[in-house]
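An overview of the molecular structure
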Amino acid sequence: MDKTYNPQDIEQRWYKHWESQGYFQPSGTGDPYCIMIPPPNVTGTLHMGHAFQDTIMDSLIRYHRMKGDNTLWQPGTDHAGISTQMVVERQLNAEGKTRHDLGRDKFVERVWDWKEESGGEITQQLRRLGASPDWSRERFTMDDGLSDSVGNVFEQLFDEGLIYRGKRLVNWDTVLHTALSDIEVLNEEENGHMWHFRYPLADEQGNATDEHLIVATTRPETMLGDSGVAVHPDDERYQHLIGKFIKLPLVGRLIPIVGDDYADPEKGTGCVKITPAHDFNDYEVGARHNLEVINIFDDSAKMNDTVPEAYIGMDRFDARKKIVTDLDALGLLDVVKDHKLMVPRGDRSGTVIEPYMTDQWYVKVAPLAGPAIEAVESGRIKFVPDNYKNMYFSWMTDVQDWCISRQIWWGHRIPAWFDDSGKVYVGKDEAAVREKYSLGSELALRQDTDVLDTWFSSALWPFSTLGWPNKTEALQTWYPTNVLVTGFDIIFFWVARMIMFGLKFMDGEVPFKEVYMHGLVRDAEGQKMSKSKGNVIDPLDVIEGITLDDLLEKRTKNLMQDHTRDSIAKATLKQFPDGIPAFGTDALRFSFAALASTGRDIRFDLQRIEGYRNFCNKLWNGARYVMMQTEDKDIGLDNPNRELSQADRWIVSRLQKTSAEVAEHFEKYRFDLAAKALYEFTWHEYCDWYLELSKPVLFADDVSDSAKHGTRYTLVTVFESILRLLHPIMPYITEEIWQDIKPLLAITDDTIMLQSYPVADNSLDDAEAESGMTWAQDFIVGIRKIRSEMDIKPGKVLPILIANWTEQDQALYASCTREILSLAKIEPVKWLTSDETAPESATALVGDMQILIPLAGLIDKDAEIKRLNREIEKINTSLQGVLGRLNNPAFTDKAPENVVAQVQKQADEQQAALDQLQQQLVKIEAM
RNA sequence: GGGUGAUUAGCUCAGUUGGUAGAGCGCUGCCCUUACAAGGCAGAUGUCAGGAGUUCAAGUCUCUUAUCACCCA
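Residues numbered from 1 in each chain as written. Chains lettered and ligands numbered in written order. Predicted model: local features only at pLDDT ≥ 70, side-chain atom pairs only at ≥ 80, totals over all residues. Heavy atoms only, no water.

1. Re the overall build of chain A
Helix and strand counts for chain A come out as 31 helices and 29 strands. What you see for chain A is a C-alpha radius of gyration of 37 Å, clearly larger than the 30 Å of a compact globule of 927 residues, by over 25%. With the principal axes as the frame, chain A shows a C-alpha extent of 125 × 65 × 60 Å. When the 100 basic and 146 acidic side-chain charges of chain A are each reduced to a single mean position, those positions are 2 Å apart. (Helix = DSSP H or I, 4+ residues; strand = E, 2+ residues; numbered from the N terminus. Rg over C-alpha atoms; globule rule 2.2 N^0.38 Å. Lys, Arg positive; Asp, Glu negative; His and termini not counted. Charge placed at Lys NZ, Arg CZ, Asp CG, Glu CD.)

2. Considering the side chain of Ser227
Position of Ser227 among the secondary structure elements: in the loop between strand E8 (208-217) and strand E9 (228-231). A polar atom in the side chain of Ser227 sits 2.6 Å from the backbone oxygen of Glu292. When neighbours within four sequence positions are excluded, Ser227 is seen to be in contact with Ile255, Pro256, Ile274, Pro276, Leu291, Glu292 and Ile294. (Polar contact = N/O pair within 3.5 Å; in protein donor to acceptor, adjacent residues only side chain to side chain. Contact = heavy atoms within 4.5 Å.)

3. Quick word on the side chain of Thr55
With respect to the helices and strands, the residue Thr55 is situated in helix H2 (residues 48-66). Ignoring anything within four residues of it in the chain, the contact list for Thr55 reads His50, Arg589 and Phe592.

4. Description of the nonpolar core
Counting residues in hydrophobic clusters, the biggest one holds 197 residues, and the most contacted among them are Phe456, Phe501, Phe604, Tyr686 and Phe779. Among the elements that take part in this core, helix H23 (residues 671-699) stands out by supplying 14 residues, more than any other. Filtering out sequence-adjacent residues up to four positions away, Phe604 remains in contact with Met48, Val521, Arg522, Asp523, Ala524, Met529, Ile537, Val542, Leu588, Phe592 and Ile609. Listed in part, the 38 residues of the second largest apolar core include Val231, Ile257, Tyr356 and Cys403. (Core = buried A, V, L, I, M, F, W, Y, C linked by side-chain atoms within 4.5 Å. Buried < 20%, exposed > 50% of the residue type's maximum accessible area, 1.4 Å probe, protein only.)

5. Some thoughts on the UniProt feature "domain: Valyl-tRNA synthetase tRNA-binding arm" (unreviewed entry) in chain A
Here, UniProt's "domain: Valyl-tRNA synthetase tRNA-binding arm" (unreviewed entry) annotation points to residues 862-924. With 94% helix and 0% strand, residues 862-924 has end C-alpha atoms that lie 9 Å from one another. (UniProt positions renumbered as here; feature names shortened; annotations may be inferred.)

6. With respect to the UniProt feature "short sequence motif: 'HIGH' region" (unreviewed entry) in chain A
Per the UniProt record, "short sequence motif: 'HIGH' region" (unreviewed entry) is found at residues 40-50. Split by type, residues 40-50 is 27% helix and 0% strand. Its first and last C-alpha atoms lie 8 Å apart.

7. A look at the pairing of strand E28 (residues 841-846)
Most of E28 is tucked away: five of the six residues are buried. As paired elements, E28 and strand E29 (residues 849-854) share six bridges and run antiparallel to each other. Note on E29: the bridge partner recorded for Ala844 is Ile851. Hairpin connection between E28 and E29: a loop of two residues separates the two successive antiparallel strands, and Gly847 in this loop has a positive phi of roughly 60 degrees. (Pairing = 2+ DSSP bridges.)

8. As for the protein's contact with RNA strand B
The full set close to RNA strand B counts 42 residues, and Ser597, Arg613, Trp683, Arg885 and Lys894 are the nearest of them. Taking all atoms of RNA strand B within 4 Å of the protein, the share assigned to sugar and phosphate is 62%. In the environment of RNA strand B, a phosphate oxygen lies 3.1 Å from a nitrogen or oxygen atom belonging to the side chain of Arg603. Separating a phosphate oxygen of RNA strand B from a side-chain N or O atom of Lys695 is a distance of 3.2 Å. Every element with two or more residues in the surface near RNA strand B is listed here: helix H21 (606-630), H23, helix H26 (767-789), helix H29 (861-886) and helix H30 (889-894). (Near = heavy atom within 4 Å.)

9. So, the sheet that holds strand E5 (residues 163-173)
What holds strands together in a sheet is hydrogen bonding between their backbones, with the strands either parallel or antiparallel. With antiparallel pairing, four strands are arranged side by side in an open sheet as E6-E5-E14-E16. Here the strands that pair on one side only, and so sit at the sheet edges, are strand E6 (178-180) and strand E16 (402-403). Looking at chain direction, strand E14 (residues 354-363) and E16 are connected through two bridges and run antiparallel. When the bridges of E16 are listed, Val363 appears paired with Trp402.

10. Focus on the domain arrangement of chain A
When its domains are assigned, chain A resolves into domain 1 (31-162 + 367-400 + 458-518), domain 2 (192-348), domain 3 (602-757), domain 4 (766-859) and domain 5 (861-927). Taken together, the contacts link 19 residues of domain 1 with 19 residues of domain 3. Summed over both partners, the interface of domain 1 with domain 3 comes to about 1,700 Å²; 70% of that surface belongs to carbon and sulfur atoms. When the buried area of domain 1 at its contact with domain 3 is split by residue, Arg62, Tyr63 and Met66 rank highest and sum to 44% of it. Summed over the shared surface of domain 1 and domain 3, the result is one salt bridge. A salt bridge links Lys67 to Glu667; its shortest N-O distance comes to 3.3 Å. Our count for the contact surface shared by domain 1 and domain 3 stands at eight residue pairs in polar contact (both at pLDDT 80 or more). (Domains from an automatic or database assignment. Buried area = accessible area lost by both parts, 1.4 Å probe. Salt bridge = Lys/Arg side-chain N within 4 Å of Asp/Glu carboxyl O.)

11. Quick word on the packing of helix H11 (residues 388-396) against helix H16 (residues 491-505)
Relative orientation of the contacting elements H11 and H16 amounts to 80 degrees, with a least axis distance of 11 Å. In terms of axis orientation, H11 runs roughly perpendicular to H16. Here H11 contributes Tyr388, Met391, Tyr392, Trp395 and Met396 to the contact with H16, which in turn contributes Ile491, Phe492, Ala496, Arg497, Ile499 and Met500. Looking at the contact of H11 with H16 residue by residue, the classes come out as 10 nonpolar, no polar and one charged. (Axes fitted to C-alpha atoms, helices over the stretch in contact; angles between N-to-C directions. Parallel < 35°, antiparallel > 145°, perpendicular 65-115°, else oblique. Nonpolar A, V, L, I, M, F, W, Y, C, P; charged D, E, K, R; others polar.)

12. Concerning the pattern of salt bridges
Per the stated rule, a full pass over the model turns up 44 salt bridges. With a shortest N-O distance of 3.5 Å, Arg165 and Asp448 are connected by a salt bridge. Of this pair, Arg165 sits in strand E5 while Asp448 sits in the loop between strand E20 (446-447) and strand E21 (451-452), and the two are 283 residues apart along the sequence. Given the relative accessible area of 34%, Arg165 is considered partly exposed. The partner of Arg654 in a salt bridge is Glu685, with the nearest N and O atoms 2.9 Å apart. Taken together, the residues Arg654 in helix H22 (residues 646-667) and Glu685 in helix H23 connect sequence positions 31 residues apart. You'll find Arg654 and Glu685 in the same group, each marked buried. One connected set of salt bridges, linked through shared partners, spans Arg219, Glu221, Arg316, Arg320 and Glu354.

13. Here's the deal with the sheet that holds E28
A sheet is described by the order of its strands in space; here four strands give the open sequence E27-E26-E29-E28, paired in mixed fashion. Of all strands in the sheet, those with a lone pairing partner are strand E27 (830-831) and E28, marking the two edges. Sheet topology places strand E26 (residues 801-803) next to E29; three bridges connect them, and they run antiparallel. Note that in E29 the partner of Ile802 across the bridge is Ile851. Along the sheet, H26 makes contact with E26, E28 and E29, crossing E28 at roughly 155 degrees.

14. Description of a negative patch on the surface
On the surface, Asp105, Glu109, Asp113, Glu116 and Glu117 cluster together into a patch of negative charge. Topologically, Glu109 is positioned in helix H5 (residues 104-118). Looking at Glu109, the relative accessible area reads 46%, which means it is partly exposed. (Patch = residues over 30% accessible without salt bridge, like charges linked within 9 Å, V, L, I, M, F, W, Y side chains within 5 Å. Areas by Shrake-Rupley, 256 points an atom, 1.4 Å probe, with all protein chains shown as cover.)

15. Some points on the packing of aromatic side chains
For any pair of aromatic rings, geometry is given as the distance between the ring centres together with the angle between the planes. Summed over the entire model, instances satisfying the criterion amount to 46 aromatic pairs. Pairing Phe383 with Tyr392 gives two aromatic rings, centres 5.4 Å apart and planes at 45 degrees, and the pair type is tilted. For the pair Phe383 and Tyr392, a shared accessibility class is recorded, and that class is buried. Between Tyr388 and Phe488, the ring centres sit 5.9 Å apart and the planes meet at 15 degrees, which makes this aromatic pair stacked. One end of the pair, Tyr388, is in helix H11; the other, Phe488, is in the loop between strand E22 (481-487) and H16, with 100 residues separating them in the sequence. Here Tyr388 falls in the buried class, since its relative accessible area comes to 13%. Each member of the aromatic cluster is reached from another via a ring pair, and the members are Phe154, Phe158, Trp361, Trp402, Phe456, Phe463, Trp468, Tyr479, Phe501 and Phe505. Here the guanidinium or amino end of Arg62 rests over the ring plane of Trp18, the centre of that ring lying 4.6 Å away. Sitting over the face of the ring of Tyr362, Arg168 holds its NZ or CZ atom 5.0 Å from the ring centroid. (Phe/Tyr/Trp six-rings, centres within 6.5 Å; stacked < 30°, edge-to-face > 60°. Lys NZ or Arg CZ within 6 Å of the ring centre and 35° of its normal.)

Here's what the structure looks like:
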């Protein structure tokens, strides 16, 4: 083995081996355990969020696989309608073509070609992370089986009246010409203006008067579609105007003044213009007052022919300018103020999204939401952390119908056909439709041109991937799945919809029993990572390392806004002056696990991961020591006469506790605590103490073979258990080392990933060994402290006297003498009898027992006095607090007996220690 | 405006059913001790955001104020 740990030497090799051997496939025996991967976009690449999420899932999967469960991690990707279409359109543009030049069928073919060639890069990146899903079952939301599921579901929901066609406001992308879901719309604060317009009141004859109401708007162009003005019904300034009319400038339309709570008297003038066709809130207000819905845009947000001729055909932003100018000319522009406002932009096109009236397909959600709420209320689905269920409830109880149609070409084409009169027929294909509705061949049908929202197929993912609608064995085995691991940001878009569809189509069975919500991965400053901020860290760069130049290049190319380039470069230079060193997959994964506490966002900082890289190195070097001590040596594998020392029994006992703890933390999704327990045990108990304790036994000539066998055997078996305990979190390094270790234990299996996960064996708990080791550790540390504080050379072997001892102390010393002498670097101790007086010495306490290091020539008297005073001060402060409580009758009367007894014991111990140290101080001072 | 979460060592965070605060990193001193300097040994550091209450006892429970973050409107 190399002296230092080099992750890049081992990772790829093992992954290929595991995958080629089919180790990721379910075993076919044991309790079923299943996780569905949240399907990443087929166009996507791996980011920190994926890496975090997949680390959690893979750790759970590997843990359950090792536990012997029939474990399936179902992988796959989704077809990501809009982004995928855009990727291919961009390629076409580069060739000087558009998708319309190709036509729909050819275009879709071209997208498939792209998907086969370059889609799914992310699945390769997942492999780099060590993820172990069953790739042989990989699915894609557009493959045949899943597409059939989508069609089935659509038809059934339509036939039951749960899917309908309706005209509503949607988020309209005026460049891509399609509806978008809320999650595809990014709301960001931008600088804009607030324009105040004077709207003239109309007289009885409908003519404009000199009286005005002042309305404020951030979007002047929409005034052409105004069909009302709202004031608050209780607003005394305007109450008398309700029911009267406004003569809308430029248009000349008479529009009513209505009283509605939506108008906020505190905001602006308290009057608000209502444009039902172009604002979600206004639409609601309009519906309440029967206001006309006047659409003034075409699909590209150019003015259509409902507006006065002067504006027809104008782009919305040009129209805005002209309208402001025109109103100003009429003296109707009151003021213009600078104003910050939230602007919705399409996450793909970057253009401002319009609320726009279009014909779309909708799913009627209310009937599906009831059972979905019940499933969580009843506890059939649990959220981890629990409080996310409130977010779920609040959304589900006030849920809007779901717009499922998209005006693009790539996706599941809606299986609906229209005849010339506009009547709708839904079925699998045209032939099926004709059959189902008994339509003659003379009736012309044309299929709806829209496709379904990608989330529609994602909502079926938990059962469509398992073969539904066929009652496959997989479906019967793994549905309902065990846990969904996901971010809270898609709780509505995906989680809720999977629950609704799962319950609907799987006979009321939930799609998963638990939902584990993880937080967001942020940068070291707590900022969200984003391309435009230039603070993105690619997980693969953390694994493989990246030079500063490459990192700068990566962060500053293809920026939307040029002026951010310098500040990004500057920040990058400051944070990563030497780029990022290669930390390896295992260190990255362990970091994610260690940071994953109760759904909180995590700050990713390199110092933390460096610490865990060091942990890998520690494990690596621990392995080297174990190998050196056991390779080509007899470890007494088949020898039942192995003699176990107290230290051996101690580390075995500690291992049981650690195994139990780690298992408990895995069950409760506390990966941070599991990681911490493993780190603590591996480094601070096994490496810091046990390895050192083994040395005096293994290096000595006068130790029996059976004792050496016992220690070697313990050294190897405990280490092998550590590897198995760590494997779900750190798959590569544990496999690499395990391959070296396994021959020592005559293990012939091929891989650690299919070994059993360590289970705590209570029969190996050893309270005696643990208390004995605590005593020995106190002894050793007591001496080390004096050595360090008194500036005695670490190598100097000290003579030691023991005073105020009991027979039990002697027995404890005897049970661990060799180790104590070696680790404390002392000569065999001399037990002082009560009539012997000790020479001037420095003192350490183990309980009541005094460890004396004679001062002669070694120790500075004044230094020891100072040290003693410090100790005394420390104990005294603590003792005062404890005594304060004991002297309080309220405490002794009311607190439970065991608590009082415990405090009393504390007081006694501290008092005794204090007495001893004070006596010692008097003695030394007298010298 | 409504809701949720956060506020603990210089930094990043743990802290179980209330019993008097911990880790990693950083910092200080000593040490190249034959697994490891990506290391070893030892050490320092806290008005647990502020206030009030319940209790013998509050980082932990209740109320309140402040600041920050996110979700919804």
